[in-house]
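Commentary on secondary and tertiary structure
Chain residues, written in single-letter form:
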Amino acid sequence: MPEGDTVWLAANRMNTALAGATLTKGELRVPQLATVDLAGATVTEVVPRGKHMLTRFADGRTLRTHYRMDGSWHIYRHGAPWKGGPAHSIRAILSTGEWDCVGYRLHDMTIVPTSAEADLVGHLGPDVLGPDWDLDDALRRLRSHPDEQIGVAILDQRNLAGIGNLYKVETLFMTRTHPWTRVADVPDLPGLVTRARTLMQANRDHPEQSTTGSMRRGEDHWVFGRRGRPCRRCRTTILLGDQGPDTQERVTYWCPQCQAARSPIDPLARTGEPGHPASIAAT
């Protein structure tokens, strides 16, 4: 799933391409918006809000799009070939005389009055990469559910917006936090949240996402995507498990040595023994 830094970068680039320009084409290829024609509308700005992208127009409307698991925006010089996927996966086209912004496999496309944006994104916590970032507010929201697993809590966009699975996994490893630790039992919650934000800030200006400092393939992450491989710190085998409520599970990677559980709440989760419902031992 695209993370908040991916959305931030795409919004920044689209804002550069579209802000102040009048659209020559504005097609939205989803049933509920099929009759909307944005041609002639002037774009005032494109801004990210967590994992949502808000394209604002001078006539007082906002187009909200969300990537979910597989969406993306691609920007091409007008007349250049589009290479983001098959034509049937295109959900939006915003064109000027100079640029074509093409949205592939986008979700949650909605047009609302700009004054009503809060109806769509007002439930979100402070944006990790946004001008509204407020560490104290994020901590207050997290601590309001002290028994929640930290690996679930920091993905909850109502607590803080923008963190996805990659940064969750890497942050928990770097702060030596077991994914199933209760929020109330995290020794340094401010440090954990700040580490996640620092990682995202370091990657927001380029599409590559490195948490190790290396951009070389296979060396860019500590534990994410490394099930069954040795931990870069201690050589213990990295484990993979599912975490989260039913139907909303997300995979999580962790090192059972570097991220040993501190709480006796769930002893099987400490080491990822086979048989734990949210844990898969590497084979």
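Residues numbered from 1 in each chain as written. Predicted model: local features only at pLDDT ≥ 70, side-chain atom pairs only at ≥ 80, totals over all residues. Heavy atoms only, no water.

1. Some points on the overall build of the protein
Which entries qualify depends on this criterion: Numbering goes from the N terminus for both helices and strands, where a helix is a DSSP run of H or I of at least four residues and a strand is a run of E of at least two. Within these notes, the globule rule equals 2.2 Å times the number of residues to the 0.38 power, and the radius of gyration is based on C-alpha atoms. Burial classes follow relative accessibility: with a 1.4 Å probe on protein chains only, a residue under 20% of its type's maximum area counts as buried, one over 50% as exposed, and anything between as partly exposed. Here, residues are in contact when the closest pair of their heavy atoms is within 4.5 Å.
Looking only at helices and strands, the protein has seven helices and ten strands in total. Relative to the 2.2 N^0.38 estimate, which gives 19 Å for 283 residues, the radius of gyration of the protein is 21 Å and therefore close to what a compact globule would have. A principal-axis box enclosing the C-alpha atoms of the protein has dimensions of 60 × 40 × 30 Å. In the protein, buried positions account for 49% of the 283 residues. Once local pairs closer than 6 in sequence are excluded, the contacts in the protein between residues at least 24 apart make up 60%.

2. Points about the packing of helix H5 (residues 165–174) against helix H6 (residues 189–203)
Applied cut-off: Interaxial angle, 0 to 180 degrees, is taken between N-to-C directions of lines fitted to C-alpha atoms, where a helix line uses only the stretch in contact. Every angle not falling under 35 degrees, over 145, or within 65 to 115 is termed oblique; those three ranges are roughly parallel, roughly antiparallel and roughly perpendicular. Handedness of a crossing is defined here by the sense of rotation of the near helix relative to the far one, left-handed for an anticlockwise turn of less than a right angle and right-handed for a clockwise turn. All residues other than Ala, Val, Leu, Ile, Met, Phe, Trp, Tyr, Cys, Pro, Asp, Glu, Lys and Arg, Gly among them, are scored as polar; the first ten of these are nonpolar and the last four charged.
Remark: H5 packs on H6, axes separated minimally by 9 Å, with the N-to-C direction vectors making an angle of 125 degrees. Comparing their axes, H6 and H5 come out oblique. Where H5 crosses over H6, the two elements pack in a sense that is right-handed. Contact with H5, carried on its side by Tyr167, Glu170, Thr171, Leu172 and Met174, involves Leu192, Arg195, Ala196, Leu199, Met200 and Asn203 of H6 and no other residues of that element. Across the contact of H5 with H6, the residue classes tally to seven nonpolar, two polar and two charged.

3. Things to note about unusual backbone geometry
Even without a glycine there, the phi angle at Arg68 is positive, about 50 degrees. By the secondary structure assignment, Arg68 is in the loop between strand E4 (61–66) and strand E5 (72–77). Given the relative accessible area of 41%, Arg68 is considered partly exposed. A positive phi is found at Arg176, a non-glycine position, where the angle reads about 55 degrees. Of note, Arg176 is situated in the loop between H5 and H6.

4. Examining the pairing of strand E1 (residues 25–28)
Keep this limit in mind: The pairing criterion is simple: DSSP has to find at least two bridges between the two strands.
Alternating residues of E1 divide into Gly26 and Leu28, all buried, and Lys25 and Glu27, none buried. Sheet topology note: the E1/strand E6 (residues 90–95) ladder contains four bridges and is antiparallel. Of the residues in E6, the one forming a bridge with Lys25 is Ser95.

5. Examining the nonpolar core
Where a protein is soluble and globular, its nonpolar side chains tend to be buried together. Rules: Residues belong to one nonpolar core when they are buried, are Ala, Val, Leu, Ile, Met, Phe, Trp, Tyr or Cys, and are joined through side-chain atoms within 4.5 Å.
Ranked by size, the top nonpolar core spans 35 residues in total, and within it Leu142, Ile150, Leu160, Ile163, Phe173 and Leu189 carry the most contacts. Secondary structure elements with two or more residues in this core: helix H1 (4–18), helix H3 (135–143), helix H4 (150–153), H5 and H6. Not counting the four nearest positions on each side in its chain, Ile150 is found in contact with Leu172, Thr177, His178, Pro179, Thr181, Val183, Val186, Leu189 and Leu192. Judged by nonpolar contacts, the second largest core, of 25 residues, contains Ala11, Ala41, Ala92 and Leu94.

6. A closer look at the UniProt feature "domain: FPG-type" (unreviewed entry) in the protein
Which entries qualify depends on this criterion: UniProt positions are given in the numbering used here, feature names are shortened, and annotations may be inferred rather than shown by experiment.
As annotated in UniProt, the feature "domain: FPG-type" (unreviewed entry) corresponds to residues 222–260 in the numbering used here. Span residues 222–260 is 0% helix and 26% strand, its end C-alpha atoms 16 Å apart.

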